[in-house]
Amino acid sequence: QVQLVESGGGLVQAGGSLRLSCAASGRTFSNYAMGWFRQAAGLEREFVAGISGSGGGILYADSVKGRFTISRDDAKNTVYLQMNSLKPEDTAVYYCGLYRSRYLSSTEAPKYDYWGQGTQVTVSS
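Worth saying up front: this structure is predicted, and the values here are computed from it rather than measured. (Residues numbered from 1 in each chain as written. Predicted model: local features only at pLDDT ≥ 70, side-chain atom pairs only at ≥ 80, totals over all residues. Heavy atoms only, no water.)

Draft legend 1. Seen up close, the overall build of the chain. From N to C terminus, the chain includes zero helices and eleven strands. Walking the chain from its N terminus toward its C terminus, one meets helices and strands in the order β-β-β-β-β-β-β-β-β-β-β. Taken against the 2.2 N^0.38 rule, which gives 14 Å for 125 residues, the C-alpha radius of gyration of the chain at 13 Å falls within 12% of a compact globule. Viewed in the frame of its principal axes, the chain has a C-alpha envelope of about 40 × 30 × 25 Å. Taken across its 125 residues, the chain has 43% of its residues classed as buried. Counting every atom, the chain has about 6,100 Å² of accessible surface; 46% of that belongs to carbon and sulfur. (Helix = DSSP H or I, 4+ residues; strand = E, 2+ residues; numbered from the N terminus. Rg over C-alpha atoms; globule rule 2.2 N^0.38 Å. Buried < 20%, exposed > 50% of the residue type's maximum accessible area, 1.4 Å probe, protein only. Areas by Shrake-Rupley, 256 points an atom, 1.4 Å probe, with all protein chains shown as cover.)

Okay, here's the thing in structure tokens:
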């Protein structure tokens, strides 16, 4: 049974920072790529960042490049999303997803097999 648990969300002013964490259990964590997605009210879930099982492959959405950093600690079965220079348009529920292989080759939500419950990020102007 795979379980993903996100934490670290909250309310922050524009320009501020937050660090999200996603703790995984139930699989050999290092064998799987991981992704962060977000879903704002009334919108579809969108890709934010992804990291391969080895950590060597990383992808970012254009909207977060230069502001967000994804990383992983396989010893702790945890993937992180450091979010800096936050903007009101970053407001959303953030989800981590476990991809179906080690190699990060998709930014499409349906290609991710497991999801956490989400953590709310609200950026005030």
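There is more to say, and it comes next.
Draft legend 2. Expanded view of the pattern of salt bridges. Applying the stated criterion across every chain yields a total of seven salt bridges. Note that Glu-46 is salt-bridged to Arg-38, the shortest N-O span being 2.6 Å. Exposure remark for Arg-38: the relative accessible area of 6% places this residue in the buried category. The closest approach of N and O atoms between Glu-108 and Lys-111, which form a salt bridge, is 3.5 Å. Residues participating in the shared-partner salt-bridge network are Arg-38, Glu-46, Arg-67 and Asp-90. (Salt bridge = Lys/Arg side-chain N within 4 Å of Asp/Glu carboxyl O.)

Draft legend 3. Representation of the environment of Gln-13 within the structure. Tracing the backbone through its elements, the reader meets Gln-13 in strand E2 (residues 10-13). Residues Gln-13 and Lys-87, spaced 74 residues apart in sequence, show a C-alpha to C-alpha distance of 8.1 Å. Ignoring anything within four residues of it in the chain, the contact list for Gln-13 reads Val-123 and Ser-124. (Contact = heavy atoms within 4.5 Å.)

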